[in-house]
Amino acid sequence: MKKEKQVDAGLRQFIKDLGYVTGGAALLGTVPWLQSFTPDKLNEIKKEKARIGLIGTGSRGQYHIHNLLGMQHAEIVALCDDYEPNLKTALELCPNAKTYADYKKLLESKDIDGVIVATPLNWHAVITLDALSAGKHVFCEKAMALTMEECKAVYEAYQQSDRVLYFCMQRMFDEKYIKGIQLIASGLIGEVVGARCHWFRNNDWSRPVPSPELKRRINWRLYRESSCGLMTELACHQLEVCNLVTKRIPESVVGMGDIVHWKDDREVYDSVSLTYRYKNGVKITYESLIANMFNGMEDQILGSKGTMNLASGMYYLENEVGANSAIEQLLAQIGDKIFSAIPAAGASWRPETKKAYQPHPIIKGSFSVSDGMSMIGADKDGSDEMLSSFCQACITGEKGKDIVEEAYSASTLCLIGDQAMREQCRVEYPEEYKIPYMEF
Ligand SMILES: NC(=O)c1ccc[n+]([C@@H]2O[C@H](COP(=O)([O-])OP(=O)(O)OC[C@H]3O[C@@H](n4cnc5c(N)ncnc54)[C@H](O)[C@@H]3O)[C@@H](O)[C@H]2O)c1
C-alpha cells in the first residue's frame, strides 16, 4: 500500500513539474504522447484497475512487476513464460496471478485487458500481432522487431486496430529528456548541428547458463536469430532521442561493426561505430563498445550556441566558455597525458586547448541519472511512468500519440545501421519502409 502511494504521487508530480516549464497547453503540444496522461485523467480512472497479463517473466519482466505492484490502477492477473524458473520467481511476486507456459492460451483469457511483452526481441512482433488480433492492448519492450518486414507488419496491424500499443522507449517519459528537448526547441542551444551518442560498458553481456542446451535461449542477446546486439538493445533508445530533437529521420547511414574483445561464439558485434546523416548534413555519431566503460552513456545534442547532454541532465552554453588559467590547463593536460613531461621553458599550450564549460542542470532540484550499466533497467528513467500511462490507456482505450511511430522509426534505423555494418556499405533509408509520419 505504501509503494502504491509513492508511484502515484511521482506520476502526478512528473506532469505537474513539466507544466512549470512550458505551461499546460504548450507542454501538450510539444510532447503529444502525454496528452492522455494528465493528472485529471488519472483522477477519472482512479477507482478502476487495468487487468494485466505479463508475457516473459525474465529480468525486465520482473522489473515491470515491481513497478506494476506500485500502481493503483493496475492489477497483474496473469503471467506467462515457457521457462519455469522465471515463471516461478514472478509468481512469488504476485501469487494471485494465473500462470501459463503458452502465451496463446493467456491471450484467450477474457479477464485480461492488456499484455506486457518482455520476451527476447525475436518474439516481439509475433506476440504483439497475436495479442492485437486477440483484442488485447499491448505494451511491448523495445525494439519493435528483429526485421524491417516485421516492423512494417506491426505498424500496419496497429493502423487497422482500435487497440492501444506502446513500445517501451522510456526516454519519451523521462522528465529530464522531455524538458531538455523542450529547451532545445526553444532555441537555447541554437541550431542543432550534430549529435554524439555513445554507450560503453565493460562486461561480456552474458548470463550464467544452468545447462548447455539453454545457452542460446538465456543469452539470446548474443545471437543473430534473436537479436541485433548493441543496435536493438542500446542504440534504439538513443536514435529515438535524436529523432525527437530534430523531428527528422536520417536518410542514410554508414558504419563498422566488429567482435573485438569478447571472442566467444557470439554472433553480434561487441563494438559498433556508425554515422547517420540527415538530409541537411547534420550527423549523429554513434558508438557502443562493451569492453571499456570509460565514457559511460551519453546522449549529446550539439547546437551552435550550446550542448545539451540529455543523459546526464546538464547543458552547457558556448558563450559562457572560458579558457582555464594557464596552470589549470597544464595540470589538466598532464592529467590527460597530453605531455609526457612538464615543458621546462614555460607554457607551450594555447588558451583554446582546454575549455571550461559552466554546467547547468536541465531540471532544478534533484533528478535521477543512469550510468547505463544495468541490463535490467534504471531507476526513474521514465519506464514506470510509461507503463503507468499504458495501464491508464487500457482503461480509457485512448491511444498514445506518436509512440508507435517513434518506435518504428528508431527500430528501423537500428536495423539499417546493422545492415550497413554487415554489408560494409552506405544504406539509404528504404522507400518501401517510409511511413507518412516520417520527415527526412
Ligand atoms: N526498455 C529497457 O530499458 C529495457 C531494459 C532491459 C531489457 N529490455 C528488453 O526487455 C526484453 C526482455 O529482456 P530481459 O533482459 O528481461 O530478457 P530475459 O532473458 O531475462 O527474459 C526474457 C524472458 O522471456 C521468456 N520467453 C522467451 N520466449 C518466450 C515465449 N515465446 N513465451 C513466453 N516467454 C518467453 C524467457 O524464458 C525469459 O524468461 C528484451 O526485449 C529487452 O530488449 C528493455
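Residues numbered from 1 in each chain as written. Predicted model: local features only at pLDDT ≥ 70, side-chain atom pairs only at ≥ 80, totals over all residues.

(A) Inspection of the overall build of the protein at higher detail. Of the regular secondary structure elements, the protein holds 14 helices and 17 strands. Out of the 440 residues in the protein, the part that is buried amounts to 42%. Counted over contacts in the protein with a minimum sequence separation of 6, partners at least 24 positions apart contribute 73%. (Helix = DSSP H or I, 4+ residues; strand = E, 2+ residues; numbered from the N terminus. Buried ≥ 20, exposed ≤ 12 C-beta atoms within 10 Å, placed from the backbone. Contact = placed C-beta atoms within 7 Å.)

(B) How the structure looks around the confidence of the model for the protein. Looking at the protein, the pLDDT average stands at 90 and 86% of residues meet or exceed 70. In the model, residues 1-5 has pLDDT below 50 throughout and makes 5 contacts with residues more than four positions away in sequence or in other chains. Here residues 339-344 scores under 50 on pLDDT; set against residues more than four positions off or in separate chains, the count is 4 contacts. (pLDDT = per-residue confidence, 0-100.)

(C) Geometry of the packing of helix H7 (residues 124-133) against helix H8 (residues 148-160). Running from N to C, H7 and H8 cross one another at 15°; their axes reach a closest spacing of 10 Å. If you check the angle between H7 and H8, you find them roughly parallel. As H7 packs across H8, the resulting crossing turns out to be left-handed. Contact residues: Ala125, Thr128, Leu129 and Leu132 in H7; Glu150, Ala153, Val154 and Ala157 in H8. Residue composition of the contact of H7 with H8, by class: 6 nonpolar, 1 polar and 1 charged. (Axes fitted to C-alpha atoms, helices over the stretch in contact; angles between N-to-C directions. Parallel < 35°, antiparallel > 145°, perpendicular 65-115°, else oblique. Left-handed = near helix turned anticlockwise from the far one by under 90°. Nonpolar A, V, L, I, M, F, W, Y, C, P; charged D, E, K, R; others polar.)

(D) The arrangement of the site of the ligand in detail. In the neighbourhood of the ligand, 27 residues make up the surrounding shell, with Gly56, Gly58, Arg60, Tyr83 and Glu141 lying closest. Its residues placed into classes, the shell around the ligand shows 12 nonpolar, 9 polar and 6 charged. (Near = placed C-beta within 6 Å.)

(E) Structural view of the sheet that holds strand S8 (residues 252-258). Read across the sheet, 9 strands follow the order S16-S13-S12-S11-S7-S10-S9-S8-S17 without closing on themselves; strand pairing throughout is mixed. Each edge of the sheet is formed by a strand with only one pairing partner; in this case those strands are strand S16 (360-361) and strand S17 (427-428). Contacting strand S7 (192-200), strand S11 (297-303), strand S12 (306-309) and strand S13 (314-317), helix H9 (residues 175-185) runs over the sheet at an angle of about 160° to S12. Contacts from helix H14 (residues 403-423) reach S8, strand S9 (271-277) and S17, with the element oriented near 60° to S8. (Pairing = 2+ DSSP bridges.)

(F) Structural context of the environment of Tyr158. Inspection of the secondary structure puts Tyr158 in helix H8. For Tyr158, a count of 21 C-beta atoms within 10 Å translates into the label buried. Through-space distance from the C-alpha of Tyr158 to that of Leu129 is 8.6 Å; in sequence the pair is 29 residues apart. Not counting chain neighbours up to four residues away, the residues in contact with Tyr158 comprise Leu165 and Val404.

(G) Spatial organisation of the sheet that holds strand S3 (residues 98-100). The strand order across the open sheet formed by 6 strands is S3-S2-S1-S4-S5-S6, and the pairing between neighbours is parallel. One side of each edge strand has no neighbouring strand; the edge strands of this open sheet are S3 and strand S6 (165-168). Strand after strand, the sheet turns through a mean of 25° between neighbouring axes, direction not considered. In this sheet, S6 lies alongside strand S5 (residues 137-141) in parallel orientation, the contact comprising 4 bridges. Among the inter-strand pairings, Phe139 is bridged to a residue of S6, identified as Tyr166. Helix H4 (residues 59-69) contacts strand S1 (50-55), strand S2 (74-80), strand S4 (114-117) and S5 of the sheet and is inclined by roughly 165° relative to S1.

(H) Molecular detail of the environment of Gly306. Assignment of secondary structure puts Gly306 in strand S12. We classify Gly306 as buried; it has 21 C-beta atoms within 10 Å. In this structure the C-alpha to C-alpha distance between Gly306 and Ile184, which are 122 residues apart in sequence, comes to 9.5 Å. Excluding residues within four positions of it along the chain, Gly306 makes contact with Leu188, Ile189, Gly190, Tyr315, Tyr316, Leu317 and Glu318.

(I) Local environment of the packing of helix H11 (residues 230-246) against H14. Running from N to C, H11 and H14 cross one another at 125°; their axes reach a closest spacing of 8 Å. Classified by the interaxial angle, the pair formed by H11 and H14 is oblique. Once H11 is placed against H14, the crossing between them reads as right-handed. Touching Met231, Thr232, Ala235, Cys236, Leu239, Glu240, Asn243 and Leu244 of H11 are Glu406, Ser409, Ala410, Ser411, Leu413, Cys414, Gly417 and Asp418, all from H14.

(J) Focus on H8. If you check H8, its first and last C-alpha atoms are 19 Å apart, about what 13 residues at 1.5 Å a residue would give, namely 18 Å. Looking only at H8, the buried set comprises Glu150, Cys151, Val154, Tyr155 and Tyr158. Here the buried residues of H8 occupy an arc of 135° about the axis, which is enough to place them on one side. Across from the buried face of H8, at angles greater than 90 degrees, the exposed residues are Glu156, Gln159 and Gln160. (Expected span 1.5 Å × (residues − 1). Arc of directions from axis to C-beta.)

(K) Inspection of the pairing of strand S10 (residues 283-289) at higher detail. In this structure, S7 lies alongside S10, joined through 7 bridges in parallel fashion. Looking at S10, one finds that Trp199 is bridged to Ser288. Here S9 hands over to S10 after 5 residues, with Gly281 in that stretch at a positive phi of 95°.

(L) Main features of the nonpolar core. Counting residues in hydrophobic clusters, the biggest one holds 112 residues, and the most contacted among them are Ile52, Ile55, Tyr166, Phe167, Phe390 and Cys414. Sorting elements by how many residues they give to this core places H14 first, with 11 residues. Counting contributing residues, this core receives three or more from each of domain 1 (2-172 + 380-400) and domain 2 (194-371 + 406-433). With residues up to four places along the chain from it excluded, the contact list for Ile55 reads Cys80, Tyr103, Leu106, Val115, Ile116, Val117, Thr119 and Ile127. (Core = buried A, V, L, I, M, F, W, Y, C linked by C-beta atoms within 7 Å. Domains from an automatic or database assignment.)

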